[in-house]
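The primary structure of each chain is shown beneath.
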Amino acid sequence: LRAAFPYFAAIDERAAAGATPQFAPAYLDSAATSQRPLAVLDAERNFLEHSNAAVHRGTSGAVGAATGAFEGARALIAGFVGAAAPEQIVWAENATDALNLVTLGVGEANAGNGVAGSERYELGAGDEILITEAEHHANLIPWQRLAKKTGATLRFIPVREDGTWTLDDAREALTEKTKFFAFAHVSNVTGFVAPVAELVELAHAVGAITVVDACQSVPHIPVDFAELGVDFAAFSGHKMLGPNGIGVLYGKPELLAALPASRTGGSAITRVTMESADFMPPPLRFEAGTQPVSQVVGLGAAAEFLTDLGMDRVAAREHELVERLVAGISELPGVRLLGPADTSQRVALTAVSVEGLHAHDVGQFLDEQGVLVRVGHHCAQPLHRALGMASSTRASVHATTTEDEVDRFIDALRGAQQYFGLEVSA
Ligand code: PMP
């Protein structure tokens, strides 16, 4: 599989030629951004070489071909995440942007810029938005802004000692006042998998709209948004073997139809006068301005690549790797694993804190050993605060990760403890 990725093929070639670890690093940072297979790079290049033209503009055959590639990718992504229709897939810059399309759109609905059906997004004093303490800042700050703008109250489900939260916690926190419930499908720090279908059912029972941050689930496990019942979901191309600069907002048709666009301008409209504008139906309403077409095409190719691999197989392979990570970490005294110890509740990543060491020192030592991980707060400061720390060290995998890479991480952690003279007893 690694041979299908130019990045890994080059590393493996250098390693075989006896390169030092730093020149043949173990890449354990797919949760931040994943590497792209040749199929994705080729798709982008082929499009740019043969079909590049402005989409949805003009009537030439070239425009038709480019538009076909652009809309074809939308259909591929719809199929990949279980959307009934391609119109349920809105292109955004990334997951952050996709989440902002929801919160800013609701803000517009409440600022008098609604479209037909926008009444369902009325939000004000006495209403509540519910999130969790484990959210990435991308699924926190936009809600803070929306609450401030509308007078609604932002509430959160606190995490337990291991950074997880339960269905019962959600049941307790959801009330008739809850208008939105937003949460990550998989946490980018603890790897904890939320029971989405059950949570959606609880939310719908009180009339709340669900918004799922699917950034760390869609690349790693089979996800069917229709089956899960979610109202909105967001994810990024660059974490699922695709290009950066492209993300996705999934939405139920009637909810997208009632959501105003927060960015306005060309190609998202039907009729414009000097005083006003009428907007296109979704998804084009949300895609004002020239779109990142080659990235869209590359993302379609990434979905095809993952489909060919089989998401069940990807998930099973990554599960083996996570079990190996968790087992290795558990043998290191003084290293605390964040998130559930039960690997069946965890996807694709492990973050740790090393007693007596700052994560940045760990990161620097690991980097010198050629082990590429992410250190810091991973855009989840409140979660780290709740866990009693400012930062952690995260190793994350994809289907391309090898056992050797996992072992190098574990060895390097042990090495860091020894290097910094930590006395650790079993
Ligand atoms: N949510 C989660 C859970 C993430 O892991 C990330 C990426 N770290 C984001 C949101 C934001 O993704 P992006 O930076 O691609 O918008």
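A short tour of the structure in this document, coming up. Just so it is clear, the model here is predicted, and its values are computed rather than measured.

## Some details on the site of the ligand
The immediate surroundings of the ligand are formed by Asn94, Ala95, Thr96, His136, Ala138, Asn188, Asp213, Cys215, Gln216, Ser236, His238 and Lys239. When the residues that make up the shell around the ligand are grouped by side-chain class, the tally is 3 nonpolar, 7 polar and 2 charged.

## Topic: the side chain of serine 391
With respect to the helices and strands, the residue serine 391 is situated in the loop between helix 13 (381-386) and strand 15 (392-396). Non-local contacts of serine 391, meaning those with residues more than four positions away in its chain, are made with His358, Ala359, Gly376, His377 and His384.

## Describing unusual backbone geometry
The omega torsion across proline 282 and proline 283 is 5 degrees, close enough to zero to call that bond cis. With respect to the element layout, proline 283 can be found in the loop between strand 10 (277-279) and helix 10 (293-309). Despite not being glycine, cysteine 379 shows a phi value in the positive range, around 55 degrees. Relative to the helices and strands, cysteine 379 is located in the loop between strand 14 (374-376) and helix 13.

## Re the pattern of salt bridges
Summed over the entire model, instances satisfying the criterion amount to 17 salt bridges. Between arginine 263 and aspartate 97 there is a salt bridge; the shortest N-O distance is 2.8 Å. With arginine 263 in the loop between helix 9 (253-258) and strand 9 (269-272) and aspartate 97 in helix 4 (residues 95-110), this pair connects stretches of sequence that are 166 residues apart. By relative accessible area, aspartate 97 is classed as buried at 10%. Ionic pairing is found between glutamate 128 and arginine 155, a salt bridge with its closest N-O pair at 3.0 Å. Here glutamate 128, found in strand 3 (residues 128-132), pairs with arginine 155, found in strand 4 (residues 153-157); they are 27 residues apart in sequence, far enough to count as distant. When its relative accessible area of 12% is taken as the criterion, glutamate 128 is described as buried.

Cut-offs and rules
- Residues numbered from 1 in each chain as written.
- Predicted model: local features only at pLDDT ≥ 70, side-chain atom pairs only at ≥ 80, totals over all residues.
- Heavy atoms only, no water.
- Near = heavy atom within 4 Å.
- Nonpolar A, V, L, I, M, F, W, Y, C, P; charged D, E, K, R; others polar.
- Helix = DSSP H or I, 4+ residues; strand = E, 2+ residues; numbered from the N terminus.
- Contact = heavy atoms within 4.5 Å.
- Salt bridge = Lys/Arg side-chain N within 4 Å of Asp/Glu carboxyl O.
- Buried < 20%, exposed > 50% of the residue type's maximum accessible area, 1.4 Å probe, protein only.

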